[in-house]
Amino acid sequence: MSDIQYKELKFTVNGKERSLMIDVRSSLLEVLRKDLRLHSVKKGCEVGECGACTVLIDGEPFDSCIYMAIWAEGKDILTVEGLMSDDGSISDIQQAFIDEAAVQCGFCTPGLIMTAYSVLADGKRYTREELRQKLAGNMCRCTGYHNIINAVENTMLKRIEAAEAQNS
């Protein structure tokens, strides 16, 4: 006889209401990758240290590898797949990562983009050092972070400039 317990999980993922029967021991990472096939959510360290699995839960970044799926009940989850518009175009932060060559192997990129998306959501102006600190929970083994910070900073500045122009 199996000791596995299943429970229905109801939550919103990338704007769509979902209902799944899940093993109560599953992490949110496992449910997103295996059950919903959202492969932007990367399985890295599995202990919440690398940030490769970062998703936004009710607008806040979390390491989905250490977040139990059952805790997502009623929550709003956003992954990189959810940043794409209906016409298939990518978000400004994704385009900035391309424009600034802020990707090499690409493994860390989805987690970094989700963290950056969250950081930039408040519309504040940050220094490069503040941006480094805010992205510190996401590790990259390839880029040295310079181009990543450029991408986030450039997106921030463009958004601020657009907001200022709109308010003029």
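Look up: the structure comes first, before these words.
As a starting point, this report considers the structure included with it. In this text, all values refer to a predicted model and were calculated from it rather than measured experimentally.

By size, the foremost hydrophobic cluster in this structure holds 25 residues, and its most contacted members are I93, F97, L112, L131, L135, I148 and V152. The set of elements that each furnish at least two residues to this core consists of α2 (92-99), α3 (109-120) and α5 (146-167). Not counting the four nearest positions on each side in its chain, V152 is found in contact with I93, F97, A116, L120, L131 and L135. Core analysis: the second largest hydrophobic core is formed by 20 residues, L29, V31, L38 and V41 among them.

Overall, the coordinates contain two aromatic pairs when judged by the stated rule. Here the aromatic rings of Y67 and W71 are separated by 5.4 Å at their centres, their planes lie at 85 degrees, and the arrangement is edge-to-face. On the basis of relative accessibility, which here comes to 10%, the residue Y67 falls in the buried class. W71 sits in the partly exposed class, given a relative accessible area of 48%. Ring pairing ties together the aromatic residues F62, Y67 and W71, which thus form one cluster.

Once that is clear, we can look at the pairing of strand β2 (residues 16-23). Moving residue by residue along a regular strand, the side chains alternate between the two faces of the sheet. Taken together, the eight bridges between strand β1 (residues 6-13) and β2 define a ladder with antiparallel strand orientation. Bridge assignment links T12 to a residue of β2, and that residue is E17. Turn length for the β1-β2 hairpin, with the two strands adjacent in sequence and antiparallel, is two residues, and the turn residue N14 shows positive phi of about 50 degrees.

For the rest of this paragraph, the subject is the pairing of strand β3 (residues 54-57). Alternating positions in β3 separate into two faces, T54 and L56 on one and V55 and I57 on the other, with burial throughout. Looking at chain direction, β3 and strand β4 (residues 60-63) are connected through four bridges and run antiparallel. Residue pairing across strands places V55 opposite F62, the latter belonging to β4. Note: β3 against strand β5 (residues 76-78), two bridges, orientation antiparallel. Residue pairing across strands places L56 opposite L78, the latter belonging to β5.

The next thing to look at is the environment of I90. In this fold, I90 is placed in the loop between β5 and α2. A relative accessible area of 35% means that I90 is categorised as partly exposed. Linking I90 and F107, residues 17 residues apart in sequence, is a C-alpha distance of 18 Å. When sequence neighbours within four positions are dropped, the list of residues in contact with I90 reads Q95 and I98.

Cut-offs used in this document
Residues numbered from 1 in each chain as written. Predicted model: local features only at pLDDT ≥ 70, side-chain atom pairs only at ≥ 80, totals over all residues. Heavy atoms only, no water. Core = buried A, V, L, I, M, F, W, Y, C linked by side-chain atoms within 4.5 Å. Buried < 20%, exposed > 50% of the residue type's maximum accessible area, 1.4 Å probe, protein only. Helix = DSSP H or I, 4+ residues; strand = E, 2+ residues; numbered from the N terminus. Contact = heavy atoms within 4.5 Å. Phe/Tyr/Trp six-rings, centres within 6.5 Å; stacked < 30°, edge-to-face > 60°. Pairing = 2+ DSSP bridges.

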